[in-house]
Structure formats: C-alpha cells, structure tokens
Amino acid sequence: HVTQVYTCLGVEENDLSGFFITAHPNPASQRTAFNYVLPESENEAAITITDLVGKTIEVLKVSGQQGQKPWDTRQIKGGVYFYTLKAKGFSKTGKLIIIDMN
C-alpha cells in the first residue's frame, strides 16, 4: 500500500511508479479538473473529495490509465478540501482550495 500526502510547503517526492493526481485550477471558483495517471496494473479508480473534518463531499469514478476528470465547484462552499485518488493498493492525496464566488 502506498500513500503520499503533499505538504503545505509544496515539496513532492518523486514517484517512480508514475501514479499521480493534480487539480487545476487550484484555487478553483467554478470548476476544477483532476489530471491523473494510474499505476500500470490499474484502469479504474475513485477520487474522493473531503472537507477538513473528513466528511465526504463527493466521489468521482475514473477509468483509463490516465485522463482528466472535471468537477463543477459552483455549488461547493468556499474553503479547503482534500482529494484522494485510490486504486488497488495505491493512494495519493492533495489539497484543493475553493473560492466561493456567491
């Protein structure tokens, strides 16, 4: 099992497996897109978005070795959230800031 958490310093460790996830734009105000690459042995995974206390906000299913999954954030309250990409035996987490434009 592999778990990687990005620090608030923005320092990332190199991952030789190529497994990663990023969110762009970040901060987001209307939408963001999760860009991901799964481990070679996997073609399906889930992106779980949680708030600061760990409450699940949404789960997005992804398929394919790599791709992009858009997420509409217009109905999400502004704040800090975490997104976690989970595939069998692998997990990566990042931080997403949502700016409330209402």
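Conventions we followed
- Residues numbered from 1 in each chain as written.
- Predicted model: local features only at pLDDT ≥ 70, side-chain atom pairs only at ≥ 80, totals over all residues.
- Heavy atoms only, no water.
- Helix = DSSP H or I, 4+ residues; strand = E, 2+ residues; numbered from the N terminus.
- Buried < 20%, exposed > 50% of the residue type's maximum accessible area, 1.4 Å probe, protein only.
- Contact = heavy atoms within 4.5 Å.
- Core = buried A, V, L, I, M, F, W, Y, C linked by side-chain atoms within 4.5 Å.
- Patch = residues over 30% accessible without salt bridge, like charges linked within 9 Å, V, L, I, M, F, W, Y side chains within 5 Å.
- Areas by Shrake-Rupley, 256 points an atom, 1.4 Å probe, with all protein chains shown as cover.
- Salt bridge = Lys/Arg side-chain N within 4 Å of Asp/Glu carboxyl O.
- Pairing = 2+ DSSP bridges.

A. How the structure looks around the overall build of the protein chain. For the protein chain, the helix and strand inventory stands at 0 helices and 8 strands. Of the regular secondary structure in the protein chain, the N- to C-terminal order runs β-β-β-β-β-β-β-β. Counting the 102 residues in the protein chain, one finds 35% classified as buried. When contacts within the protein chain are restricted to residue pairs at least 6 apart in sequence, long-range pairs at least 24 apart make up 55% of them.

B. Highlighting the nonpolar core. Counting residues in hydrophobic clusters, the biggest one holds 20 residues, and the most contacted among them are Phe34, Ile47, Ile49, Trp71, Tyr83, Leu85 and Leu96. Listing elements by their share of this core, those giving two or more residues are β2 (20–24), β3 (31–37), β4 (44–50), β5 (56–63), β7 (79–87) and β8 (90–98). When residues in this core are grouped by element, the largest group, 4 residues, is from β7. Contact partners of Trp71, with chain neighbours within four places excluded, come to Arg31, Thr32, Phe34, Ile49, Ile57, Glu58, Leu60, Ile76, Leu96 and Ile98.

C. Region of the structure containing a nonpolar patch on the surface. A contiguous nonpolar surface patch, about 280 Å² in accessible area, is contributed by Ile97, Ile99 and Met101. The exposure class of Ile97 is partly exposed, given its relative accessible area of 33%.

D. Highlighting the pattern of salt bridges. Within this structure, the stated rule accounts for 1 salt bridge. In this structure, Arg74 engages Asp72 in a salt bridge whose closest nitrogen and oxygen atoms are separated by 2.6 Å.

E. The pairing of β3, seen in detail. Summarising burial for β3: 5 of the 7 residues are buried, a large majority. Examined bridge by bridge, β2 and β3 share 5 bridges and lie antiparallel to one another. Following the sheet pairing, Phe20 is matched in β3 by Val37. What sits between β2 and β3 in their antiparallel hairpin is a turn of 6 residues. Looking at chain direction, β3 and strand β6 (residues 66–72) are connected through 7 bridges and run antiparallel. Residue pairing for β6: Ala33 is matched across the bridge by Pro70.

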